[in-house]
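So you can see what is in the structure, the chains are spelled out below.
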Amino acid sequence: MRSASQWCARALRRQPLLPVWLVLVLALSGLYGEFGTVANFRNIAIQASPLIIAAVGATFVIMTAGIDLSVGSMLFLAAAIESSWALASAPAGVVFAAIAATGLLMGLVNGVAVALTRVPALIVTLASMQVFRGAGGHITGQQNIDLPAHLRGIGTSSLLGVPAPVLLAAATALGGVLVFGRTVFGRYLQAVGSNRAAALNAGLPVRAVTIGAYALAGVLAALASLTQTARLGAVQPSIGDGYELTVITAVVLGGTSLFGGRGSITGTVLGALVLTTAQTGLVFSGASPYVFDIVRGGILLVAVIAAGTRWRTLAQALRPAAVS
Amino acid sequence: MHAPTFIRWTAALAASALVLTGCGSSQKASGSDGSAKKITIGVSFDLLNAIRQAEKSAIEKATTEAGYEVVFTVADKDPQKQSSQIQDLIQTRKVDALIVIAQDGQQIASSVSLAKARNVPFIAIDRAVADQQNITFQITGDPVADGKLSAAEFVDAGKTKPLKVLELVGALTDQNAIGRRDGFNEALKGDPNVTVVSQVPTNWDPAQALDGTSNALQKNPDINAIFVPSDFLLPSVQSALKAAGRLAPVGDPGHVFLVTIDGDQNGCKAMRDKTLDADIATPVDDFGKQAISGITTALGGKSVSPNSVQTKGLSLDQANFATTSSQVWGCDGA
Amino acid sequence: MPESVRGEGAVKAPSAAPPTRSIKPASWLRDTARRPGWLGDLSMLPALVVLIAVLSVLTEGVLTPSNIINVCSQSAVVAIAAIGATFVILTGGIDLSTGSVIGAGGVTAAWVITSTGSVLAGAAAGILAGTAIGLVVGTVAAKLPVVPFAVTLAALYVVSGATTLLSHGKTIAPVPAGFIEFSIDGPGGVPYSVWLAVVLYAVAQTVLTRTAWGRRVLHVGANVEVARISGVHVARTKASVYAVAGLFSAIAGIVLTSGLAGASASMGGPLLLNIVGAVVLGGTSLFGGRGSLLRTAVGVLFLGFVSNGMSLLGLASFDQQIITGAVIFIAASVDGIGRWSRRRS
């Protein structure tokens, strides 16, 4: 009994967002009959998928005390590359490889610029945000490009009843948790994020870790793009416009510190789910779309205050156990 | 200590010069033409997408025919940037006339008064400008009429089968979106066969259109018709239908009745593939032609009359497709 | 050297500021440490000169008086909002709600102006609204156990959502012609808005370097613990900084309303990244404690000339985006690469 309550307290301390999300889901299910259906949860999961994938990538970057404003532009440039290969009617495998390579390249550009120059990450990614979007515009000519059926497959197909976007998001989340918690890279990431100078003094490969985090974010942005365009069925110039703030909101909501070192992939996933659930709930309620911004801001505020409060009161009791 | 700094700055200078000249090479040509005293027209767009590209081509075609030069700027949906760009065009590039698609019909007013103060003809296209007295000429679509034309398609179809309609709405801050919505709803008022069961705002965002359509289909499974206020939201709507297992071609009993506005390449293709029932096409070519002829009149010292034109859209549906599609801009060369 | 209260040997807990390196003076200007602080503040100036030189070669009319006035008047809004952002960033914080508050201040002002006809009353109402929002944001950020960044992100959504809701997403217009004049004309052909920005910069720089409050701001940014030990009321200082940011955002919103002849809730949104970008590009450290308004002024002008140059060159919009990004990065990295190479040698 005692261990169970302890476990609960610990889970709550680690994921204060979990009860927030559960309350949200229960309240909406109570209010709207059609909300609490399997089909609707499936919808929410599909809709949250691209955000989860992109936000997991951003979590790695933010963990290094960096920031990536270029995520929306990366989505667009990856989609642009996809459309150009699609126009050349390349097979799906080739297109996917091209997209992944684009993502890796974009992430490396960001990572190398952040790690090897002393330009703040905010400025590097502010610049690359412009460059990537401009390059995407060149490739698409700002046209809407319909994707052929074999590239839309990811958006609509499913395996054992689980939609492909959800599978991709789940795999990303699981991979993220493993990389973060079980690998040397993950440990270095936390070390670099919490104290860069100490990490340097300890002889850790600080630059390589930083580059790795941005590269990972690039690849995941490309994967998010692939998922999103497959769902949309088309590549449009507005893809990813303003996405950086949504992604950062999901990450911050999940409890990752913008000063680096502290954060969680599970939290980010929950953050993305809370945002998507709230948005779906608003469509069900038929409220003005402007209310969504207010609700989103309110949830963010409540969540960070809750997280902060729990952190203070429970930290002393539980901190020794939580040291990783 | 000074040497590395010097090298650094030289490198920076070289790098920026390289970047700027590399991409600026296209600029050189028009720069050298300046001596020939060609008339230059400054164009300021709110953003660039498929329909704007078509409008851009229409303007380019009409200016080439008239023998004018064009300078394009795009404001990326930022009214302050648009105002700055217009200021640059008037005061530094010294253009002879302006063609503007306003990001905001009211906030463009200060640009209009600047143009007036400098005697630069100001032509507004596509989106109406509030300050009607001070502009030279305006040609826009008629969003209310386009909404009504769309509604007429629904009323027609409703005669054979009652329709429960999902209505997507563009950005609530855009007069074109509001006009289309209002025209549509007004024309449907009192029709016994057509009921709007759900209204979903999209903020002109394809992802929001996709999610909103999915959610609405989830909430109201009996929806059997969707009004899509712009062609570029069509792929989103069709993806949502496909995900819900509701995508079927025109004529199939499970088909969801679809009407869009714009008439771009995707819309035309969907008409040809018989997945779309009707598309209200915007007369984009007219915008370019009439804008340029307005400029020619104004530069000749005369005033343009009438100074405001609203062009109705052209209803393209499955019945008249064969005869009408040649007049729709999106069907060109497809 | 009042503005060089630097975070030497910072023990700021989880900050990732590489303490020793980022503090080492970068350019030759800052290298000779005994030069007055304002010379170090102008380390971005050579980049600005190079930019203007390159633009002048490529296109006509860049250095004409009328174009320079244009750039200044186009930059006035970002410049004024960047004053507040500089103070926030100097404490090691960041204010993402700036763009929303510009919209809220502008819409409030325009609403009062259109309903009472008094520009003065409108300006007062706008400033009051903006400052109040800033004060609330600052109090929440400083008094509750939360990351200020997250609070300002929440404020961004709440404020813009509420402003849009209250204005029904419409543009509030028309405003009186005399109010529009403010951004068009003024003494010496330079618009009043530019004069206002210049005066505000002079005042703000003086406040930062010559007052106890300014020193407290730099202190808190350089090292919170040391500031606390030396008797600075950290929470109050932090809260006040956000209130000041709200004040300047509101003034910027009113100037923007005059420039656009009307106000809308969404008008400030696109400016956020320019504002933060100008402050950081100017050389104010995102980790706090190091920076000045002189730096921000140079950063603002740099971005102003970049976007002016792009529209004068008349390139395709995607080329403009690529070049803008490249130029920003090159300018910022000249400073950064310098530090890096010095460290290696």
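Quick caveat: nothing in here was measured; it's all calculated off a predicted structure. (Residues numbered from 1 in each chain as written. Chains lettered and ligands numbered in written order. Predicted model: local features only at pLDDT ≥ 70, side-chain atom pairs only at ≥ 80, totals over all residues. Heavy atoms only, no water.)

Q: Mind laying out the nonpolar core, listing which residues take part and the relevant values?
A: The biggest cluster of nonpolar side chains holds 180 residues, and the ones touching the most others in it are Val-247 of chain A together with Phe-87, Phe-149 and Phe-302 of chain C. Beyond its immediate sequence surroundings of up to four residues, Val-247 of chain A is in contact with Leu-51, Ala-54, Ala-55, Ala-58 and Val-71 of chain A. By size, the runner-up hydrophobic cluster in this structure holds 28 residues, among which are Ala-209, Leu-217, Ala-270 and Cys-331 of chain B. (Core = buried A, V, L, I, M, F, W, Y, C linked by side-chain atoms within 4.5 Å. Buried < 20%, exposed > 50% of the residue type's maximum accessible area, 1.4 Å probe, protein only. Contact = heavy atoms within 4.5 Å.)

Q: An account of the sheet that holds strand β5 (residues 137–141) of chain B is needed here, citing residue identities and associated values.
A: Residue and element names in this part refer to chain B. Reading across the sheet, the six strands line up as β2-β1-β3-β4-β5-β11 and stay open at both edges, with parallel pairing between neighbours. Strand pairing shows two members of the sheet lacking a second neighbour, β2 (69–74) and β11 (308–311), which therefore form its edges. Direction aside, the axes of adjacent strands within the sheet are offset by 15° on average. In this fold helix α10 (residues 284–299) packs onto β1 (40–45), β3 (97–100), β4 (122–126), β5 and β11, with an angle of close to 175° to the strand it touches most, β5. (Pairing = 2+ DSSP bridges. Helix = DSSP H or I, 4+ residues; strand = E, 2+ residues; numbered from the N terminus. Axes fitted to C-alpha atoms, helices over the stretch in contact; angles between N-to-C directions.)

Q: Quick rundown of helix α2 (residues 17–31) of chain A? Include the residues and the values.
A: Residue and element names in this part refer to chain A. The first and last C-alpha atoms of α2 sit 21 Å apart over 15 residues, in line with the 21 Å expected at 1.5 Å per residue. Listing the buried residues of α2 in full gives Leu-17, Leu-24, Val-25 and Leu-28. Buried residues in α2, looked at end-on, bunch into an arc of 95°, giving them a common side. In α2, the exposed positions angled more than 90 degrees off the buried face are occupied by Val-23, Leu-26 and Gly-30. (Expected span 1.5 Å × (residues − 1). Arc of directions from axis to C-beta.)

Q: So what's going on with the packing of aromatic side chains? Residues and values would help.
A: The final tally for this structure, using the stated rule, is 12 aromatic pairs over all chains. Between Phe-45 of chain B and Phe-72 of chain B, the aromatic rings sit 5.5 Å apart at their centres with planes inclined by 85°, giving edge-to-face as the arrangement. Placement of Phe-45 of chain B in strand β1 and of Phe-72 of chain B in strand β2 is noted, with a sequence separation of 27 residues between them. Classification of Phe-45 of chain B by relative accessible area gives buried; the value is 0%. Note on Phe-184 of chain B and Phe-227 of chain B: the rings are 4.0 Å apart at their centroids and 10° apart in plane angle, and the pair reads as stacked. With Phe-184 of chain B in helix α6 (residues 175–188) and Phe-227 of chain B in strand β8 (residues 225–228), this residue pair connects regions lying 43 residues apart in the sequence. No difference in accessibility class separates Phe-184 of chain B from Phe-227 of chain B, as the two residues are buried. Here a set of aromatic residues connected by ring pairs shows up, and it is made of Tyr-32, Phe-35, Phe-41 and Phe-284 of chain A. The side chain of Arg-296 of chain A reaches across the aromatic face of Tyr-157 of chain C, ending 4.1 Å from its centre. One cation-aromatic arrangement involves Lys-56 of chain B over Phe-72 of chain B; the distance from NZ or CZ to the ring centre is 5.0 Å. (Phe/Tyr/Trp six-rings, centres within 6.5 Å; stacked < 30°, edge-to-face > 60°. Lys NZ or Arg CZ within 6 Å of the ring centre and 35° of its normal.)

Q: Give me the lowdown on the UniProt feature "transmembrane region" (unreviewed entry) in chain A, citing residues and values where you can.
A: Here the UniProt-annotated "transmembrane region" (unreviewed entry) positions come out as residues 49–81, 93–116, 166–185, 206–230, 242–260, 267–284 and 290–309 of chain A. Across residues 206–230 of chain A, helical content stands at 100% and strand content at 0%; the span's end C-alpha atoms are separated by 36 Å. (UniProt positions renumbered as here; feature names shortened; annotations may be inferred.)

Q: Explain the interface of chain B and chain A to me, and be specific about the residues and the numbers.
A: Put simply, an interface is often sized by how much accessible area is lost when its parts join up. Taken residue by residue, the interface counts 24 residues in chain B and 27 residues in chain A. Summing the contributions of chain B and of chain A, the shared interface buries around 2,400 Å²; its carbon and sulfur component is 49%. Contact with chain A buries area across many residues of chain B, yet Asn-215, Gln-218 and Lys-219 of chain B alone supply 25% of it, more than any other trio. Linking Asp-241 of chain A and Lys-77 of chain B is a salt bridge whose minimum nitrogen-to-oxygen distance equals 3.4 Å. For the pair chain B and chain A, the interface holds 12 residue pairs in polar contact (both at pLDDT 80 or more). Going through the elements one at a time, α2 (50–66), α7 (206–219) and α8 (234–243) of chain B are the ones with two or more residues in the side of chain B that touches chain A. Split by residue class, the side of chain B that touches chain A holds nine nonpolar, 10 polar and five charged. (Buried area = accessible area lost by both parts, 1.4 Å probe. Salt bridge = Lys/Arg side-chain N within 4 Å of Asp/Glu carboxyl O. Polar contact = N/O pair within 3.5 Å; in protein donor to acceptor, adjacent residues only side chain to side chain. Nonpolar A, V, L, I, M, F, W, Y, C, P; charged D, E, K, R; others polar.)

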